[in-house]
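The chain contents come next:
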Amino acid sequence: MPARRSALRTMPRLVLVLFLVSGACGLIYEVVWTRMMSHVFGGTALAIGTVLAAFMTGLAAGGWWIGRLADRVRNPLRLYAALEAGVAVAAAVAHLLLTQIAPAYLAVYQAFGGSLAALAVARFAIAFGLIAIPTALMGATLPVLARFAIGGGSAVGAGLSTLYAINTLGAVTGAFVAGFFLIQAFGIHGAAATAVAGNLAVAAIAYIASKRRSDPIGGPVRPDRPPEPPEPEPATVSVATYRIVLAGIGVSGSASFAYEVLWTRCLHFVIGNSTYAVTTTLVAFLSGIALGGYLIRIALRRKLDIVATFGWIQIAIAATASTAMPFLFSALEPDAIRARAWGGFGDFWTLSFLRFGVALLVMLVPAALIGATFPLAGRIGVRSVQEAGASVGRVYAINTVGNVLGAILPGLLLIQWLGLRTAILILALGNLLVGFVALGARARAVKSLRWGLPAALVAAAIFAGVMPFDFRFPLTLPGPRYRVLYERDGPSATTAVLLNLDTREKFMTVDGVTIGGTGVTDYKQQILAHLPKVLLDDVSAELSVGLGSGLLVAESSRHAKVERVVCVEIEPTVVEGAGWFDAERKRVAANASVGIVVDDVANHLRTTNASYHVVSADEKTADEFASNGFSYSRDYYRLIAGRLKPGGLVIQWVPTELPPRQYRMVLKTFSETFPHVQLWYFGPAVFSGTSNTILVGAATPIPLDLERIAGRLASDSSAFDGLARYGLRTPESILAQYWTDGATLRAALAGEPVNSLAHPRYEFYAPDDYARPSRARMAENFEFLWRVRRPSRPRRSTRPAEWNDEALLRAAHAAESAYLAGCRTLHRRGSPRVAVEQMERAVALAPWNENLRARVFAQYWDLAGQYLSVGNIALAAELDRMALRHYDRHPMGHVEYALVSARAGDVAAGIEAARKAVALDPDLVAARRVLADLLAQSGRRIEAEQHLRALLAIEPTDEEALRRLRGR
């Protein structure tokens with residue numbers, strides 16, 4: 001047998017470079033087309049999985065059928081050039097067709113929308129029909145180049161290993177370039193055009209190279225390089241064993257894709273769900289695959305039983321895949337990882353490298369083992385050089401069909417039925433079974449397996465016995481005094497409901513991000529629910545986007561004029577979790593006027609025939625998450641505009657903490673979409689959290705009429721209790737929050753970019769945007785808002801002589817200006833004394849404005865916290881006292897003042913404040929505990945014990961109270 005040379009030496013390096021570029025282009029297509037189809041089909045896990053399955057099916061079909069042609073041609077490199085040219089042309093056509101997919105999908109939805117199974121099949125058929133030709137041509141390139149490599153005399157296993165690794169490395173490059181540069185710079189159409197150009201260049205170079213080779217199959221061996229040791233022939237395997245390996249590569253392919261989905265979901269907890277974070281996760285996974293695909297060449301050059309090696313690798317995949325995540329979070333503190341990965345570094349690339357490192361810690365070893373399986377199976381499958389193309393194509397197709405199932409199963413079944421942890425264990429069990437079956441098939445031929453296989457079974461049983469099966473993926477708790485009421489993994493997110501044992505407040509988190517509750521976030525939801533009812537006469541039909549804890553829907557349904565509220569929520573576990581708020585939300589799900597639709601809002605807006613008077617948009621999560629890009633896009637706003645009834649409006653919350661470039665982009669996109677726009681600004685009130693920008697858009701003008709607003713507030717006063725809770729009781733206090741109109745916004749934002757699905761600028765934020773402290777971002781946004789502020793000048797429908805509302809409104813505006821001047825002083829890090837003087841002047845101008853006093857309370861309280869953090873307890877106590885002088889209705893305000901007063905040495909003042917807190921809320925555990933502590937300090941132990949017993953009546957499991965009573 002003539003000596004064979006390594007794949008890297010017999011295959012021209014040019015061919016490897018071409019295949020690397022080809023792999024990069026394929027990944028770019030996958031990213032772009034998945035985006036385009038998910039925008040039409042919806043963003044549910046099943047819809048996205050269906051798109052990926054269609055992509056993989058095309059690859060599998062091409063590898064199986066077209067790969068056979070490689071064995072029938074004399075010049076595989078020329079065939080490869082033709083395939084690459086075909087990919088370019090077919091991809092260009094497919095991309096154009098994808099831009100026109102919406103009408104066809106709407107027709108299909110109307111036919112099959114009643115059945116999720118039928119709709120999933122229809123989605124798959126549409127997706128596959130559009131991209132079948134380019135993906136099939138892509139899938140054929142590996143078998144064709146494998147025939148070229150093997151036909152040229154290179155080692156079968158090493159050549160296939162090199163090609164597979166190089167192509168996967170190309171995918172790494174494509175993921176990185178698309179996720180960090182291409183889409184940001186050129187949009188999705190520009191990214192696709194770049195990939196088309198790449199395929200055309202590869203085709204042209206490959207064709208020129210094919211004409212210059214002296215031997216069309218492989219080319220001459222260069223005599224100036226010494227021969228390498230020959231690659232051992234694979235062990236002879238029976239047809240049954242070969243079929244076991246083929247089935248095994250299918251199971252392994254399914255598990256590998258599912259692992260990627262599940263690991264990415266798990267890592268959302270610690271590195272976030274931004275486009276950059278997801279890209280680094282994908283790059284880490286593919287890097288492991290490429291590394292394993294290349295390193296397996298070492299095993300292929302040794303005299304090893306390849307089938308047995310395949311089996312051992314499957315067992316190793318099971319062991320490492322099931323333990324990677326638990327070991328990471330047992331070795332590293334999840335909260336510390338999150339703090340670093342979500343903004344602990346000011347340098348963008350350092351941050352990205354950290355995220356990549358975290359993902360690599362989880363994925364590297366199991367992904368490398370997964371990457372080694374395909375070259376092994378391909379080596380077993382190639383029985384003769386003459387059938388190399390068909391053999392590699394067959395193995396590639398079966399592996400890719402496994403990928404198809406792996407794309408669908410997590411979102412369809414595994415996560416929802418089993419949860420993330422159990423789903424990973426079940427997949428690992430599949431790898432384990434494949435490994436043992438493969439080893440069992442070789443037990444007679446390999447003597448060492450006769451004792452090694454039973455030993456491996458015993459070791460697996462022991463390993464399973466000591467594994468941390470009760471491991472939970474990290475659910476970050478704000479502190480030790482919190483209890484998990486509900487936690488479940490859903491198709492697209494993990495939802496949890498937490499209880500603060502001290503305040504009895506409940507709140508909901510999605511992938512660790514708080515999205516609703518009974519205290520922290522309800523101010524802006526109250527505004528979203530009630531402001532449209534202040535502005536419009538007809539609010540009978542409402543669409544609410546995002547359920548959260550159900551507050552917004554519950555508050556809207558309180559209004560007598562609201563006949564129907566439809567709430568669209570993409571994640572079913574959020575709907576389940578909302579049930580824990582039934583006591584506070586009056587059983588939203590059971591409300592006859594409320595309908596909850598579990599779907600992606602884009603899909604709902606495209607496919608429903610309903611129209612609405614009000615659309616309230618509150619579906620966003622963490623500011624930097626990629627999913628928010630759609631929620632702030634021109635395409636989304638146009639979909640909403642198409643579903644508004646005449647005279648209707650859309651209202652959307654925009655957090656003021658957004659990076660300034662993104663903040664202005666959102667305002668620009670919204671104001672350019674709707675003809676008539678209002679911007680309202682509600683500063684933080686009491687413990688309501690952050691400042692809130694509220695955008696209102698409509699096709700027709702939305703008049704601000706004092707008398708009509710007053711009439712609406714008076715006609716259904718109990719329904720507006722949510723606003724009254726924050727002092728928004730009068731038309732003057734509400735209209736004082738009006739900021740500016742659309743014309744002013746459009747003029748101020750003339751040079752800003754627009755965010756769209758074709759050019760998703762929002763999610764590709766500037767490197768240092770989220771490295772800046774939120775206070776600095778708020779300060780810059782506030783400066784912009786300051787420049788565009790135009791106080792409201794409402795019209796009057798009547799003018800009763802006894803009504804002095806205009807004077808009140810002038811006073812409200814003057815007070816608001818003084819208050820905002822104080823806020824501006826604080827944002828600019830000016831003198832706190834000056835800021836306090838300005839806010840005191842604001843309260844003096846409109847002492848009746850309870851909302852203003854609540855916001856002054858919030859500013860003083862925040863300032864007191866800053867002084868407390870640097871040890872200036874006396875000044876912190878003084879600011880807390882001033883805050884409570886303006887607003888004394890919040891019990892936690894008194895609790896905090898009690899603590900600060902005690903630290904300042906005034907225990908008597910602390911006891912008085914704690915008593916007021918208990919009087920306001922007798923069930924407030926924190927108030928009872930602080931009061932008991934201060935009473936005990938002052939020697940009044942019997943009274944302290946009474947409050948401890950009252951505390952235990954509220955929270956019987958409070959260990960601290962139990963300990964103190966036992967140790968009296």
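Rules used throughout
Residues numbered from 1 in each chain as written. Predicted model: local features only at pLDDT ≥ 70, side-chain atom pairs only at ≥ 80, totals over all residues. Heavy atoms only, no water. Helix = DSSP H or I, 4+ residues; strand = E, 2+ residues; numbered from the N terminus. Buried < 20%, exposed > 50% of the residue type's maximum accessible area, 1.4 Å probe, protein only. Contact = heavy atoms within 4.5 Å. Areas by Shrake-Rupley, 256 points an atom, 1.4 Å probe, with all protein chains shown as cover. Pairing = 2+ DSSP bridges. Axes fitted to C-alpha atoms, helices over the stretch in contact; angles between N-to-C directions. Core = buried A, V, L, I, M, F, W, Y, C linked by side-chain atoms within 4.5 Å. Polar contact = N/O pair within 3.5 Å; in protein donor to acceptor, adjacent residues only side chain to side chain. Salt bridge = Lys/Arg side-chain N within 4 Å of Asp/Glu carboxyl O. Phe/Tyr/Trp six-rings, centres within 6.5 Å; stacked < 30°, edge-to-face > 60°. Lys NZ or Arg CZ within 6 Å of the ring centre and 35° of its normal. Expected span 1.5 Å × (residues − 1). Bend = angle between axes of the 7 residues up to and from the residue. pLDDT = per-residue confidence, 0-100. Parallel < 35°, antiparallel > 145°, perpendicular 65-115°, else oblique. Left-handed = near helix turned anticlockwise from the far one by under 90°. Nonpolar A, V, L, I, M, F, W, Y, C, P; charged D, E, K, R; others polar.

(A) Representation of the overall build of the chain. Scanning the chain from N- to C-terminus turns up 36 helices and 12 strands. A burial count over the chain gives 60% of its 968 residues as buried. Sequence-distant contacts, at least 24 apart, represent 78% of the contacts inside the chain between residues at least 6 apart. Total accessible area computed for the chain in this model is approximately 36,800 Å², and 61% of it derives from carbon and sulfur atoms.

(B) Region of the structure containing the sheet that holds strand β3 (residues 506-510). One open sheet accounts for four strands, arranged β1-β2-β3-β4; its pairing is antiparallel. Looking at the sheet topology across the chains shown, the edges are occupied by β1 (482-489) and β4 (513-517). Each adjacent strand pair in this sheet contributes to an overall mean axis angle of 25 degrees, direction not counted. Sheet topology note: the β3/β4 ladder contains four bridges and is antiparallel. Looking across to β4, one finds that V510 is bridged to V513.

(C) Representation of the nonpolar core. In terms of nonpolar packing, the biggest core is built from 277 residues, with Y29, W33, F41, Y259, W680 and I694 touching the most fellow members. With 19 residues, helix α7 (residues 156-212) is the single largest residue contributor to this core. Sequence-distant contacts of I694, defined by excluding residues within four places in its chain, comprise I527, L528, L531, I651, Q652, W653, Q678, L679, W680 and F682.

(D) Representation of the side chain of H886 within the structure. Counting through the fold element by element, H886 comes out in helix α31 (residues 873-886). A distance of 3.4 Å separates a polar atom in the side chain of H886 from a polar atom in the side chain of R885. Apart from the residues within four sequence positions on either side, H886 is in contact with E840, V843, R853, V856 and Y860.

(E) Looking closely at the pattern of salt bridges. A complete count under the given rule lists 29 salt bridges for this structure. A salt bridge links E763 to R35; its shortest N-O distance comes to 2.4 Å. In this pair, E763 is assigned in the loop between α26 (742-748) and α27 (774-788) and R35 in helix α2 (residues 13-41), connecting sequence segments 728 residues apart. A single burial state applies to E763 and to R35, both of which are buried. R712 is the partner of D537 in a salt bridge, and the nearest nitrogen-oxygen pair spans 2.7 Å. Taken as a pair, D537 in the loop between α15 (522-535) and β5 (541-545) and R712 in helix α23 (residues 706-715) lie far apart in primary sequence, 175 residues in all. Overall, D537 belongs to the partly exposed group, its relative accessible area being 40%.

(F) Spatial organisation of the sheet that holds strand β11 (residues 692-698). The strand order across the open sheet formed by eight strands is β7-β6-β5-β8-β9-β11-β10-β12, and the pairing between neighbours is mixed. Sheet topology places β7 (594-598) and β12 (738-741) at the edges, where each strand pairs with a single neighbour. Strand-to-strand twist of the sheet, defined as the mean angle between neighbouring strand axes without regard to direction, takes the value 20 degrees. For strand β6 (residues 564-569) and β7, the ladder comprises five bridges, and the chain directions are parallel. Considered in β7, the bridge of V565 is made with V594. Contacts between α15 and the sheet are confined to β5, β8 (612-617), β9 (644-655), β10 (676-682) and β11, with β9 contributing the most and set at about 155 degrees to the helix. Against the sheet, helix α21 (residues 634-641) makes contact with β5, β8 and β9, and its axis sits at roughly 150 degrees relative to β9, the strand it touches most.

(G) Here's a closer look at the packing of aromatic side chains. In the structure shown here, the tally under the stated rule is 32 aromatic pairs. In this arrangement the basic side chain of K524 is found over the ring face of W653, its NZ or CZ atom lying 4.0 Å from the centre. The ring of Y819 carries the charged tip of R855 above its face, separated from the ring centre by 4.8 Å.

(H) Molecular detail of the side chain of E783. Topologically, E783 is positioned in helix α27. Excluding residues that lie within four positions of it along the chain, E783 makes contacts with R824 and R828.

(I) Spotlight on unusual backbone geometry. Despite not being glycine, R504 shows a phi value in the positive range, around 65 degrees. Residue placement: R504 occurs in the loop between β2 (494-500) and β3. With a phi angle near 60 degrees, R829 is a residue other than glycine that sits in the positive phi range. Relative to the assigned elements, R829 resides in the loop between α28 (805-827) and α29 (832-845).

(J) Focus on α15. Between its first and last C-alpha atoms α15 spans 20 Å; for 14 residues at 1.5 Å apiece the expected length is 20 Å, and the two agree. The largest bend in α15 comes to about 30 degrees, at A529, with the proline P532 one to four residues further on. Counting buried residues along α15, 14 of its 14 residues qualify, which places the element largely inside the surrounding structure.

(K) Looking closely at the confidence of the model for the chain. Mean pLDDT over the chain works out to 84, with 86% of the residues at or above the 70 mark. When the criterion is pLDDT under 50, residues 1-10 qualifies, and its contacts beyond four places in sequence or with other chains add up to 32 contacts. The model gives residues 214-228 a pLDDT under 50, and that stretch makes 29 contacts with residues more than four places away or in other chains.

(L) Spotlight on the pairing of β11. Extensive coverage of β11 is indicated by the burial of seven of its seven residues. Side-chain alternation along β11 places N692, I694, V696 and A698 on one buried face and T693, L695 and G697 on a second face that is also buried. The sheet contact formed by β9 and β11 spans seven bridges and is antiparallel. Along β11, the bridge assignment pairs V650 with G697. Relative to β11, β10 runs antiparallel, the two being bridged by seven bridges. Note that in β11 the partner of W680 across the bridge is I694.

(M) Region of interest: the packing of helix α32 (residues 891-903) against helix α33 (residues 907-920). Close contact between α32 and α33 brings their axes to 8 Å; oriented N to C, the two are set at 165 degrees. Our classification of the angle between α32 and α33 gives roughly antiparallel. Handedness of the α32/α33 crossing: left-handed. In this structure, α32 uses P891, H894, V895, Y897, A898 and S901 to contact α33, whose residues at the interface are A909, G910, A913, A914, K916, A917 and L920. Looking at side-chain class alone, the contact of α32 with α33 contains nine nonpolar, three polar and one charged residues.

(N) Structural view of the packing of helix α35 (residues 941-954) against helix α36 (residues 959-966). The interhelical angle for the contact between α35 and α36, taken along N-to-C directions, is 140 degrees, at an axis separation of 10 Å. As summarised for this structure, α35 and α36 are arranged oblique, according to the angle between their axes. The interaxial crossing formed by α35 with α36 has left-handed handedness. Residues E945, L948, R949, L951 and L952 of α35 form the contact with α36, whose own contacting residues are A961, L962, R964 and L965. Tallied by class, the residues present in the contact of α35 with α36 amount to six nonpolar, no polar and three charged.

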